[in-house]
Structures are given as structure tokens and as C-alpha cells.
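Here is what each chain is made of, one letter per residue.
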Amino acid sequence: MSDYPILHDLARRFDHTLLRPEAGEADIRRLCDEARRYSFFGVCINPLWVRLAVECLDSTDIKVVSVSGFPLGGSRTDIKVAEACSAVEDGALEIDMVAPIGLMRDDRFADVEADIRKVRRNLPNPVTLKVILEVGLLTHRQIRNGVEAVINAGAQFVKTGTGFFGPCTTEQVVQLVDLSAGRTQVKAAGGIKTLGQCRALLEAGASRIGSSGSVAIIKERTGLV
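## A look at the environment of Cys-44
- For Cys-44, the location among the structural elements is in strand 2 (residues 42-45).
- The buried category is assigned to Cys-44, whose relative accessible area is 1%.
- Separated by 21 residues in the primary sequence, Cys-44 and Val-65 have C-alpha atoms spaced 4.5 Å apart.

The following block contains the structure:
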């Protein structure tokens, strides 16, 4: 495939992801080994494995990313705070939290903003907070209000979804980029498995990509498959 400028330094766009509930220690070690080999930006894992990942990635610049309220967003806010803060204490430098999807569908965006803000305020300033909206379950108006809640609460990224409720689409990224208007970055995640998808999502304005298929995509990029 031709060398598109948008794909320059592609590996540094990836949160190399393993959030399957059945993943064990050997799987996490393999994920971290792959991250080191391909120089991914970060690894995204469940909180249980943060300490192990920090150990495996010691002396690298690869970030450990963990999750809060994942994948349903239905935890109480204090539980999300405790989960996020515990992951940071264990060494995570970024948190991907799931916004309360049911509250968004009920148009309770003041409560949604309060949920996000409380997590943000309890995290140290250097920690990046990304907020998952699960946009495939929301109307355009709800997505717009969700983006505003994310921005008002001080998060650094808005994220398309968890991947549990369908794949990310280019249209979703375009929507989030347009609605955020440069006030927050956009992470695309969910079912991203090919170089073509990555190119389209990056061209649409995504700053970061979450994928469990990162290695295969990089191999496709370098002509190894």
C-alpha cells in the first residue's frame, strides 16, 4: 500500500488493547512484549493487571492505560473513582472510563457531567482521562450533549465505544470531531482490524486508536502480511 502521510508513525497512535475477561498473566505479558516490539503508544488492560504491565514495561515510554466502569458504565460514581484511582496508584497513566449510558439515554446530562467530573477531579493532573460514550446507542442530540459533558468535566478525550455494542465507524469519529470542535481529542475503538479502517479513522480526525488487532495492522502497514 502507498505510504500515506496520515499513517506516518502509525504505531504511536495505538493503545494496544486486551480487555477480554478471560485474559490471564501470560496474555498480558505477551501484550506487553508486543507493545515493546512495535513501540505502541500504550497498552490498555483491566485494572487487575496494571501492576504486572508496569513491571513488564519498565524502562520504556509505553503508557499503561486502564479502565473504569468498563464495559457498561453502570457503576456508582464512587466505585468508578475508586477503580480509576487504584489503577493510577498501581501505575496507570491513562484511564478510559465509561460514561453512564442509561443516564445519557434518559437525557440526564447534568448527572453525566457530575459523574465524569468527580473521576477527573480525583485523578492527578498528569493522568489522561478518556470518556467512552458508546455513541452507537445514542441519538445525535444525546451524543452532542455527551460531548459537552465530557468537555465541561475536563476530560482530555472522548471515545467512540467499548466495542461490546458494535464496531467503530468513520461516521462516529466524524461526528465526535465535529461536535468537539478541537476542545478535546477523539479516540476510536471497537472492531478496528485493518489498515484501511485505521487510515479512514485517522483521516476523520481520530488522535488515538484502541485495537486488539494492532500487531496485524502494523504488519499489514509494513507489508509483512
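## Digging into unusual backbone geometry
- The peptide bond linking Phe-70 to Pro-71 adopts the cis configuration, its omega dihedral lying at 0°.
- Considering the arrangement of structural elements, one finds Pro-71 in the loop between strand 3 (63-68) and helix 3 (77-89).
- For Ser-39, which is not glycine, the phi torsion reads 60° and is therefore positive.
- Relative to the elements of secondary structure, Ser-39 occurs in the loop between helix 1 (25-38) and strand 2.
- The backbone phi angle of Asp-107 is positive, close to 60°, even though this residue is not glycine.
- Structurally, Asp-107 can be placed in the loop between helix 4 (101-105) and helix 5 (109-122).
- The class of Asp-107 is partly exposed, set by a relative accessible area of 37%.

## A word on the pattern of salt bridges
- The final tally for this structure, using the stated rule, is 21 salt bridges.
- The shortest N-O distance in the salt bridge between Asp-15 and Lys-130 comes to 3.4 Å. Taken together, the positions of Asp-15 in strand 1 (residues 14-18) and Lys-130 in strand 5 (residues 128-132) put the pair 115 residues apart, joining distant regions of the chain. Neither Asp-15 nor Lys-130 differs from the other in exposure class; each is buried.
- Between Arg-117 and Glu-113 there is a salt bridge, with its nearest N and O atoms 2.5 Å apart. Of this pair, Arg-117 and Glu-113 are both found in helix 5, four residues apart, which corresponds to roughly one turn of the helix.

## Some details on the sheet that holds strand 5
- If you trace the eight strands once around the closed barrel, you get 1-2-3-4-5-6-7-8, paired in parallel fashion. If you compare each strand with its neighbour and ignore which way they point, the axes differ by 25° on average.
- Across four bridges, the pairing between strand 3 and strand 4 (residues 94-98) is parallel. Bridge pairing links Ser-66 to Ile-95 in strand 4.
- With respect to the sheet, helix 7 (residues 170-180) is in contact with strand 6 (157-159) and strand 7 (185-189), its orientation differing from that of strand 7 by roughly 165°.

The rules behind these values
- Residues numbered from 1 in each chain as written.
- Predicted model: local features only at pLDDT ≥ 70, side-chain atom pairs only at ≥ 80, totals over all residues.
- Heavy atoms only, no water.
- Helix = DSSP H or I, 4+ residues; strand = E, 2+ residues; numbered from the N terminus.
- Buried < 20%, exposed > 50% of the residue type's maximum accessible area, 1.4 Å probe, protein only.
- Salt bridge = Lys/Arg side-chain N within 4 Å of Asp/Glu carboxyl O.
- Pairing = 2+ DSSP bridges.
- Axes fitted to C-alpha atoms, helices over the stretch in contact; angles between N-to-C directions.
- Contact = heavy atoms within 4.5 Å.

Everything listed here is a matter of geometry and, on its own, says nothing about what the molecule does.
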